[in-house]
Amino acid sequence: MRVSVQAGPFDPGAEVASFTAGAAGAGAVVSFTGIVRPDGGLTGMEIEHYPGMTGKAIQAILAEAVDRWKLVDGLVIHRHGRLAPGEVIMMVATAAPHRGDAFAAAEFLMDYLKSRAPFWKKESRDGGESWVAAKDSDEDALKRW
């Protein structure tokens, strides 16, 4: 299991290749890569976090996913700092003996990262800056777990 909270960019393809190569016993690997959406005049996004808490919180939820879905491995990479539209912001990868578990665990991790991980996001638009508020749809997605 690996969690990385980092400022710098990463190559999702290389990360998936490395993850897959090390996923002994896996019959399925699922990955998801998040990209900063270029919608509505967005010029950038600032992601803040508390370094003493963020990695530990994500590690704990990854460990829960590994136990719950009997994963052979899991990976979460999430960036912080200033990001522009089109930049890769995060990824998750899960490896399991069967695809159903790999898909479910990846969705679980995404729902957690979207609504519970200790990140704060501020969007910059042509008209100014604003903090991103929690969405009901993100909260509703957590209820299925």
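Cut-offs and rules
Residues numbered from 1 in each chain as written. Predicted model: local features only at pLDDT ≥ 70, side-chain atom pairs only at ≥ 80, totals over all residues. Heavy atoms only, no water. Pairing = 2+ DSSP bridges. Helix = DSSP H or I, 4+ residues; strand = E, 2+ residues; numbered from the N terminus. Axes fitted to C-alpha atoms, helices over the stretch in contact; angles between N-to-C directions. Phe/Tyr/Trp six-rings, centres within 6.5 Å; stacked < 30°, edge-to-face > 60°. Buried < 20%, exposed > 50% of the residue type's maximum accessible area, 1.4 Å probe, protein only. Salt bridge = Lys/Arg side-chain N within 4 Å of Asp/Glu carboxyl O.

## Points about the sheet that holds strand S4 (residues 73-79)
Part 1 of the argument: Spatially, S1-S4-S6-S2 is the arrangement adopted by the four strands of the open sheet, whose pairing is mixed. Each edge of the open sheet carries a strand with a single partner, namely strand S1 (2-6) and strand S2 (28-35). When strand polarity is set aside, the average angle formed by the axes of neighbouring strands in this sheet is 5 degrees.
Part 2 of the argument: By the bridge criterion, five bridges tie S1 to S4 in an arrangement that is parallel.

## So, the packing of aromatic side chains
Part 1 of the argument: One pass over the full model with this rule turns up three aromatic pairs.
Part 2 of the argument: Note on Trp 69 and Trp 145: the rings are 5.6 Å apart at their centroids and 85 degrees apart in plane angle, and the pair reads as edge-to-face. Here Trp 69 is found in helix H2 (residues 51-69), whereas its partner Trp 145 is found in the segment after helix H4 (136-142), with 76 residues between them in sequence.
Part 3 of the argument: Judged by relative accessible area, Trp 145 falls into the partly exposed class, the value being 25%.
Part 4 of the argument: Within the aromatic cluster, the residues linked to one another by ring pairs are Trp 69, Phe 108 and Trp 145.

## As for the pairing of S4
Part 1 of the argument: Burial runs high along S4: seven of the seven residues are buried.
Part 2 of the argument: Every second residue of S4 is oriented toward a common face, with Asp 73, Leu 75, Ile 77 and Arg 79 on one face and Gly 74, Val 76 and His 78 on the other, all of them buried.
Part 3 of the argument: Where S4 and strand S6 (residues 88-96) come together, six bridges link them in antiparallel fashion. Residue pairing for S6: Asp 73 is matched across the bridge by Ala 95.

## Quick notes on the pattern of salt bridges
Oppositely charged side chains can form a pair if their charged atoms are brought close together.
Part 1 of the argument: Across all of its chains, the model carries 10 salt bridges by this definition.
Part 2 of the argument: Here Arg 125 makes a salt bridge to Asp 39, at a shortest N to O gap of 4.0 Å. Taken together, the residues span a long stretch of sequence, with Arg 125 in strand S7 (residues 119-125) and Asp 39 in the loop between S2 and strand S3 (42-49) at a distance of 86 residues.
Part 3 of the argument: Its relative accessible area of 28% is what places Arg 125 among the partly exposed residues.

None of the figures reported here should be taken as evidence of function without further support.
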